[in-house]
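If you want the building blocks of each chain, they are given just below.
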Amino acid sequence: MNKGIVLSVLSLVVLELRSAQGAFRKTPVSKIERYAFQLSNAKGLPHQCIQWVDETAKLPFWQSSLGFQFGRLTRSQWQALTHTYATWHNANLLAPYSPQRNYALVDFMPPTVQALDRHQFHAQSQRIVGLFPLTKVQLVANCWGTVYEVLRLAHKPQAESLVLFATAAQPMLETLRAISTPAEDQKPGDILLLSHRLGDREYLDHVVLVIDRNLFFEKAGTGDEVPYRFVAAQTLTQIWNPAIFSYEVRRPLANQRLASPGDRFSLQQQPKVRMPLLTWEKWRRHLTIIEDLDAPPTFLWIQPLPPLQQIKGRFQLPPTAYRATKLWPNQP
């Protein structure tokens, strides 16, 4: 073959970067106002619900994020809230009691929830052009990837870095049901699965974490401007009409150990999936896939985040999480 032809062919299989560099950002706040909501499990303690409003949100039901303020607590009040809201995760990771601190509900949540609350994640994508249909690699965050990581890290002896990932709905639905049992009521640490049926098939649409009765923590979707937030059932049902979607409360099994996303959902567990390039084989543990019969498959990157930081008693994302960086150092 002519050398020029060879070079022309090879040029077709190079990676074409069109990246929206992935990074976190804090959800913008236009105004703060009171919201009429009382915690069912903290009725005996004075508290106030506030609502942060992002008027720049693309859709009205993404504007609101809730928070709950207790102010200063006695030790017995702090212990009561710890027993109520932190028994489903490792309460030893909470900051020690301080009579001088103004407490909020988020202070009784696991490190992952503390760090992600009232944030957005702006996705990163990369298109690959070659001697095969157009292929895309994305780094995105979604609802069930978030809930899975909260549950996986909940009982760790130390605060560990969460993994940013999303995966196909069906394997996640099977996994979440396998690690939980149906529940009649709502307790902190339960999960709520929202799904619909089409013919004989069930489709998972959304997953949230139960915080209190009719209060949930969620990543509201996959879009760049979709918030991680505390959300009331009233808002959730406006988005996910109970007349269309099924609501299923499930309680995670005790003493379970969830595998890392790379060990549970990556292409390493799906050796039959064909990779677009032979050089991609070594990246199987870092990739998962969403297949569409009408379009080329989308490969999703599995990305560990830098370690969380605990500042003034609350876990936070490190500064590097807010900086746009390359999806991975050496492109496959």
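This text goes with the structure placed above it.
Structural notes, computed from the coordinates.

For the rest of this paragraph, the subject is empty space enclosed by the protein. The gaps of empty space that remain are located by a probe, the size of a water molecule, rolled over the atoms. One pass over the structure, following the stated rule, counts 3 cavities of 30 Å³ or more. The wall of the largest cavity is formed by Leu116, Ala141, Asn142, Gly145, Thr146, Glu149, Leu162, Val163, Leu164, Phe165 and Tyr228. If you list the elements that add at least two residues to the lining of the largest cavity, you get helix H4 (143-153) and strand E10 (163-164). Class assignment of the residues belonging to the lining of the largest cavity gives a composition of 7 nonpolar, 3 polar and 1 charged. A volume near 40 Å³ is recorded for the second largest cavity.

So, on to the environment of glycine 223. The residue glycine 223 is located in the loop between strand E14 (215-219) and strand E15 (228-232) in this model. The sequence separation of glycine 223 and valine 140 amounts to 83 residues, and the corresponding C-alpha distance is 8.3 Å.

To continue, consider the pattern of salt bridges. This model, assessed by the stated rule, comprises 14 salt bridges. In this structure, the salt-bridge partner of arginine 285 is aspartate 263, at a minimum N-O distance of 3.0 Å. In this pair, arginine 285 is assigned in the loop between helix H7 (261-265) and strand E17 (287-292) and aspartate 263 in helix H7, connecting sequence segments 22 residues apart. The exposure class assigned to arginine 285 is partly exposed, which follows from its relative accessible area of 35%. What you see here is one network of salt bridges that share partners, running through Arg177, Arg197, Glu202, Glu248 and Arg250.

On to the layout of surface pockets, then. Approximately 760 Å³ is the volume attributed to the largest pocket. Lining the largest pocket are 34 residues, and of these Thr167, Ala168, Ala169, Gln170 and Ile290 lie nearest its centre. Only H4, helix H5 (169-178), strand E13 (201-212), H7, E17 and strand E18 (295-301) provide two or more residues apiece to the lining of the largest pocket. Top element by residues in the lining of the largest pocket is E13. It accounts for 6 residues. When its residues are assigned to classes, the lining of the largest pocket shows 16 nonpolar, 12 polar and 6 charged.

Parameters at a glance
- Residues numbered from 1 in each chain as written.
- Predicted model: local features only at pLDDT ≥ 70, side-chain atom pairs only at ≥ 80, totals over all residues.
- Heavy atoms only, no water.
- 1 Å grid on protein atoms, 1.4 Å probe; cavity = no way out; pocket = protein on both sides within 12 Å on 5 of 7 lines; lining within 4 Å.
- Points joined across faces, edges and corners; volume = space filled by probe spheres on them.
- Helix = DSSP H or I, 4+ residues; strand = E, 2+ residues; numbered from the N terminus.
- Nonpolar A, V, L, I, M, F, W, Y, C, P; charged D, E, K, R; others polar.
- Salt bridge = Lys/Arg side-chain N within 4 Å of Asp/Glu carboxyl O.
- Buried < 20%, exposed > 50% of the residue type's maximum accessible area, 1.4 Å probe, protein only.

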